[in-house]
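# Topology and contacts: notes
These are the residues of each chain, in order.
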Amino acid sequence: MRRLHFYAALCAILLAAAALRGQRLGEPSYWLDEFFSLQASNGLANGAWRSGARQLHEPPPRFTQLDAARPWSAIGPALRTDNHPPLYFALLRLWRIVLGDGEAATRSLSCLASLAALWLLAEGVRLRHGGAAGLLGALLMAVSPVQVEYAREARGYALATAFVVGAAVALARLQRHGPHRRRSVALGLAALGALATHYYAAGPLLGLGVYALVALRGAPRRAAVAGLLLALALFVAAWGPVLLAQRGHVYANNSWVFEPSAGHVALTLSRLFSLPASLLAPSVSPRLAPTAAALLWLTMCVAAWRRPGARLWLAWWLGGVLFVTAVDLTTDSGQLNVLRYTFFVAPALLAMLAALAEPAAQSARRWNPAGAGLALAVAVSGLGQLPGVHASNHTPWREFARLLDRAAHAGEPIVVANDAWLAGREAYRALLHYAWAPRRAFVLTTGPPSASVLEELRRRAALWLVVPFPLAVAPSELFPSARVEERIEWPDVAMLYRLSLRAK
């Protein structure tokens, strides 16, 4: 295939991918993790919300609004209580300053990163398997429901994936064309960017490093290993102290992924073998028999190993998957069951699919029927699942905040019921972000307010109690003597009560 034809077709695929990722991008409200991204890009620590617990704030601190941002230098120290590196949050801060603070603007950073990853994957597959296979890989990535979903979130997964794909392509170029300073620098910068965006990019990079040691020889191997080691050294030197500080917060921030030890090994292996089906067709994979899922896993690995050009993608895939598997087995956690932790290996899976569809022999002109049929089935399945991706299930916090603004009179404070998990904190951040009346007083509480706060609330004509789903807190549990004057239910979002604390 001529290069002109390849790039013309690739541009058409990119336009289609951009349309799929950009459709109704700004309609869904932010959800909890996106609020975390906004807060971190403002240089505010993960636990900043605690400063408002059981206190009356008028006006309250608006953690997620750009006008509340601290100096740029605060982003790194603020992440000491988090479990993420800083690059995405720093870029998001710049992105918000340039494009604005709306949902579509902030999420467009992930969209752009996803399109960059698509372009790079097409280049890498073309380099190793030809232009037709490169376009097939791009098409599969364009319609992948997992790729579209994470390209529509204000989170760093798409950006980290773009860096990982860039590292794989740089390694492929280095193997194909030999060592050169520009290729070594590209490999090192891509690896550094991946590590500085998400820690779990280390798994795919480890796989690429093993591939460089085993498959390359002489100067190309030395150049590849030097680029990867230099990236690791720079990352540790620049971020190592904060990384060590974050270790003490891993369990508290991720307690929801830890599981009982009984039966955990068998459960982890089951998730491991079902992973390709989950990444290719997340809404179909639960209905796939475990034996069929395991057979798909092993068949793809064996077929990729038998094609020397596809071994790079196989090393990338195995490095990322086995990294998360090892973490799950050693910590009794279930991260294999959460696609965001294995998202960085999904392009390697698509590259293997494209490689398996190419002719089995260089002299053959037709596609490999089995590989092409599987790729076509994956593409059709992906297209069929995209309506579900676009129909976001995010909690409609924007609309709920507007309802509250219309219902509450001036001077009536908002009390948000909190819990030991996340529901109250998400509601608190959402109402502070979306409320039209930002100077309204807010209280976040896990139990009856303190005496001083209660005394201040009694001076108001009324207050509004927000009980977010799935909490089941009665107003009398927080305000035993309160009188319920109005009750509004928004299913699967929150219960809203207007309370009077004045004596009857």
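Everything in this summary refers to the structure shown in the same document. Keep in mind it's a predicted model, so treat the numbers as computed, not measured.

### A short note on the environment of Gly203
If you trace the backbone, Gly203 turns up in helix H10 (residues 202-215). Remark: the alpha-carbon pair of Gly203 and Arg440, spanning 237 residues in sequence, is separated by 46 Å. Among all residues touching Gly203, those that are not within four sequence positions of it are Gly319, Gly320 and Phe323.

### Regarding helix H19 (residues 397-407)
Burial analysis of H19 places eight of its 11 residues in the buried class, the great majority of the element. Those residues of H19 lying buried are Trp397, Arg398, Phe400, Ala401, Leu403, Leu404, Asp405 and Ala407.

### Some points on the sheet that holds strand E5 (residues 494-500)
Spatially, five strands are ordered E2-E1-E3-E5-E4 in an open sheet, and the strand pairing comes out mixed. Two strands bound the open sheet, and with one partner strand each, they are strand E2 (442-445) and strand E4 (483-490). In this sheet, adjacent strand axes meet at a mean angle of 20° when their direction is disregarded. Here strand E1 (residues 414-417) runs beside E2; their pairing, made up of four bridges, is parallel. Counted as the bridge partner of Val415 is Val443 from E2.

### Focus on the packing of helix H1 (residues 3-22) against helix H6 (residues 131-143)
Closest axis-to-axis distance for the H1/H6 pair is 9 Å, and the angle between their directions is 5°. With respect to H6, the element H1 is oriented roughly parallel. When H1 is examined against H6, the residues Phe6, Ala9, Leu10, Ile13, Ala17, Leu20 and Arg21 are found in contact with a partner set consisting of Gly131, Gly134, Leu135, Ala138, Leu139, Met141, Ala142 and Val143. Looking at the contact of H1 with H6, its residues break down into 12 nonpolar, two polar and one charged.

### Quick notes on the pattern of salt bridges
Tallied over the full model, the rule gives 14 salt bridges. The closest approach of N and O atoms between Glu123 and Arg126, which form a salt bridge, is 3.1 Å. Residue Glu123 and its partner Arg126 are both found in helix H5 (residues 103-129); the two are separated by three residues, about one turn of the helix. Both residues of the pair, Glu123 and Arg126, belong to the buried class. Between Glu485 and Arg498 there is a salt bridge whose closest N-O contact spans 2.4 Å. Residue Glu485 is located in strand E4, and its partner Arg498 is located in strand E5; the two are separated by 13 residues in the primary sequence. Through salt bridges with shared partners, a single network forms among Glu412, Arg483, Glu485 and Arg498.

### Remarks on unusual backbone geometry
The linkage connecting Phe469 with the following residue, Pro470, adopts the cis geometry, with an omega of 5°. With respect to the helices, strands and loops of the structure, Pro470 is situated in the loop between strand E3 (463-468) and helix H22 (475-478). One non-glycine residue, Arg24, lies in positive phi territory at about 55°. In this structure, Asp492 is a non-glycine residue whose phi angle is positive, near 65°. Tracing the chain through its elements places Asp492 in the loop between E4 and E5.

### A closer look at the packing of helix H2 (residues 32-41) against helix H4 (residues 87-99)
Packing of H2 against H4 leaves a shortest axis separation of 8 Å and a crossing angle of 85°. Taken together, the axis directions place H2 and H4 in an arrangement best described as roughly perpendicular. On H4, the residues that touch Ser37, Leu38, Ala40 and Ser41 of H2 are Tyr88, Phe89, Leu92, Arg93 and Arg96. Here the contact of H2 with H4 is composed, by residue class, of five nonpolar, two polar and two charged.

### Considerations on the side chain of Ser41
Its place among the elements puts Ser41 in helix H2. Not counting residues within four places of it along the chain, the set of residues in contact with Ser41 comprises Ile75, Phe89, Leu92, Arg93 and Arg96.

### Some points on empty space enclosed by the protein
One pass over the full model with this rule turns up four cavities of 30 Å³ or more. Quantified by volume, the largest cavity comes out at close to 60 Å³. Ser37, His84, Tyr88, Phe89, Arg155, Gly156, Tyr157, Thr197 and His198 are the residues that line the largest cavity.

### Remarks on the environment of Glu486
Residue position: Glu486 is located in strand E4. We classify Glu486 as partly exposed; its relative accessible area is 35%. Residues Glu486 and His129, spaced 357 residues apart in sequence, show a C-alpha to C-alpha distance of 66 Å.

What counts and what doesn't
- Residues numbered from 1 in each chain as written.
- Predicted model: local features only at pLDDT ≥ 70, side-chain atom pairs only at ≥ 80, totals over all residues.
- Heavy atoms only, no water.
- Helix = DSSP H or I, 4+ residues; strand = E, 2+ residues; numbered from the N terminus.
- Contact = heavy atoms within 4.5 Å.
- Buried < 20%, exposed > 50% of the residue type's maximum accessible area, 1.4 Å probe, protein only.
- Pairing = 2+ DSSP bridges.
- Axes fitted to C-alpha atoms, helices over the stretch in contact; angles between N-to-C directions.
- Parallel < 35°, antiparallel > 145°, perpendicular 65-115°, else oblique.
- Nonpolar A, V, L, I, M, F, W, Y, C, P; charged D, E, K, R; others polar.
- Salt bridge = Lys/Arg side-chain N within 4 Å of Asp/Glu carboxyl O.
- 1 Å grid on protein atoms, 1.4 Å probe; cavity = no way out; pocket = protein on both sides within 12 Å on 5 of 7 lines; lining within 4 Å.
- Points joined across faces, edges and corners; volume = space filled by probe spheres on them.

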